[in-house]
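In case you want the letters, here they are:
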Amino acid sequence: MSATGAPPRVFPEWRDKPLEAALYECRELLEDTDFPTVKRWREAGGKVVGHFQVYFPEEIVHAAGALPFKVRGAPIEPTQADSRFGSYLCSILKTSLDLALAKRIELDLFVSHPICDAARNLAAIWGRNFPYPAEILYLPQNANSAHAATWLRGEYDRLRRSVETATGGTVTDSALASSIAVFNENRALMRDLYRLKRETPWQVSADEAYVLVALAGLLPREEHNEILRFMLPRLAERPAKKMDRTRVVLEGGFCEQPPLDLVRSIGRSCYVVDDDLLIGLRWLTSDVSVLGDPLGNLASAYLEQSSYSPVQHDLRKPKERMLLERIRNARADAAIVMAAKMCEPGLEEQVAYTKALDQAGIPYFVSEFEESMTSFDHLEIQLQTFVENLLFR
């Protein structure tokens, strides 16, 4: 924190530039696998807490004066991490660890989640390779239990103590309430961005929206809020022509992320009017109360004010029904159902999703991806053929 109490600014490149130039700088930052904003934060004396996909209560880290950094892999070759894992695992686990082994990122604490069999072991492997602590945050397996919120509040309190120890900061209720307010604004701005995607998708492309959301995992939230406040009105006023394109929902980006060029390729063929890309950053769907017990409010919000994904099991939110609702609310014509290679939760849900889409009579396109993909020609041809069949059927 600076002497004024405000976090240091770590991304000046976009400032004082027109919309297109500022968007370019945002893309450049997202694709920089040396993570310069995290390095600048550390150079200013700040602490960094890395957290793996999908959801993490970043407000707790923010309240300690540290930077919550979303560890989401990268399109790199995991030359050092390969020897720490078995062969048949998803790419994101290996590239995430490789980022730290290669010192592209340096952390003070790493937190993972048991979202699948492979991720369950990530914290232990991480902890054997670095001097700082690595631990697991256990989110409720039974989200429908009457005791889930109380139990989760206890987990958040344990996390609070771990964050305090690792960062040297103190997470008071007052600081946590202030952080919740900052993140409430951030989530509201991202909801506005997605509203723009749904209502006028020709104003913001799929890859532009993705970049603007993804930056949240690399920046202090106050700085991310500044960027979104700058971008949103200018995107809405941008001179752009509506095209005759199919409206689609993209599903399958909850953990490992498709390459940015793949998102761009999809956006050239159709309008992506909603998706689950980086859903953890948008997990809470309405403002969290800043009154009363902040840890309890965060725990309740995770269960009661949240989206859905293959890694949360909540009988009130059957994922097939939730996908159909997402398609209906976005007024989409079709769905693109993707899954990361070797991702057991994603591939299993792909089967359930396609069955539900068949029953609902909604056209869909099925594919797999890997974060390190560099060629999309074949997939783009297939997708264009799918879209043309819809347009001319």
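Note that the structure is predicted; figures quoted are calculated from it, not measured.

A. The overall build of the protein, seen in detail. A tally of helices and strands in the protein yields 14 helices and eight strands. Whereas a compact globule of 393 residues would reach a radius of gyration of roughly 21 Å, the protein reaches 20 Å, a difference of no more than 12%. In terms of overall dimensions, the protein has C-alpha extents of about 60 × 45 × 45 Å along its principal axes. Counting all 393 residues of the protein, 60% fall into the buried class. Sequence-distant contacts in the protein: of pairs separated by 6 or more residues, those separated by 24 or more amount to 72%. One way to put it: in the protein the 46 positive side-chain charges average out to a point 2 Å from where the 55 negative ones average out.

B. Representation of the state of the cysteines. Under the definition given, this model contains zero disulfides. For the unlinked cysteine Cys 116, the closest cysteine sulfur is that of Cys 90, found at 5.8 Å. Of the residues examined, Cys 116 reaches a relative accessible area of 18% and is grouped as buried.

C. Looking closely at the sheet that holds strand E1 (residues 48-52). Spatially, the four strands line up as an open sheet ordered E2-E1-E3-E4, and their pairing is parallel. The open sheet has two edge strands, strand E2 (67-71) and strand E4 (134-136), and neither has a second partner. With strand direction ignored, the average angle separating the axes of adjacent strands in the sheet is 25°. The pairing of E1 with strand E3 (residues 109-112) spans three bridges and is classified as parallel. Paired with His 51 across the bridge in E3 is Val 111. Its contacts with the sheet place helix H6 (residues 148-167) against E1, E3 and E4, and it is angled at close to 175° to E4.

D. Region of the structure containing the pairing of E1. With five of five residues buried, E1 is to be regarded as a mostly interior element. Side chains of E1 alternate between two faces, with Val 48, Gly 50 and Phe 52 and Val 49 and His 51 buried alike. Across five bridges, the pairing between E1 and E2 is parallel. Residue pairing in the sheet places Val 48 in a bridge with Leu 67 of E2. Of the crossover connections in this fold, the one passing from E1 over helix H3 (residues 58-63) to the parallel E2 is right-handed.

The rules we used
- The residue numbers shown here count from 1 along each chain, following its written sequence.
- Local features in this predicted model are restricted to residues of pLDDT 70 or higher, and side-chain atom pairs are both shown and tallied only at a pLDDT of 80 or more, whereas totals for entire chains, interfaces and linings draw on every residue.
- For the side-chain quantities, the full set of heavy atoms in the structure was used; hydrogens and water were omitted.
- Labels follow the DSSP assignment, with helices taken as runs of H or I lasting at least four residues and strands as runs of E lasting at least two, numbered in each case from the N terminus.
- C-alpha atoms define the radius of gyration in this analysis, and the globule rule sets the expected value at 2.2 Å times the number of residues to the power 0.38.
- When a residue's accessible area, from a 1.4 Å probe over protein chains only, is under 20% of the maximum for its type it is buried; when over 50% it is exposed; and in between it is partly exposed.
- In what follows, residue pairs with any heavy atoms lying within 4.5 Å of each other are defined as contacts.
- Within this scheme the basic residues Lys and Arg register as positive and the acidic residues Asp and Glu register as negative, but His and the chain ends are omitted.
- Where a charge lies is defined by one atom per residue type: Lys uses NZ, Arg uses CZ, Asp uses CG and Glu uses CD.
- Criterion for a disulfide: a pair of cysteine sulfur atoms within 2.5 Å.
- When DSSP locates at least two bridges between a pair of strands, those strands are taken to pair.
- Geometry is summarised by axes, namely lines fitted to C-alpha atoms with helices restricted to the contacting stretch, and by angles between N-to-C directions that run from 0 to 180 degrees.
- When the strands point away from the viewer and the connection leading from the first strand across the helix to the second strand turns clockwise, the crossover is called right-handed.

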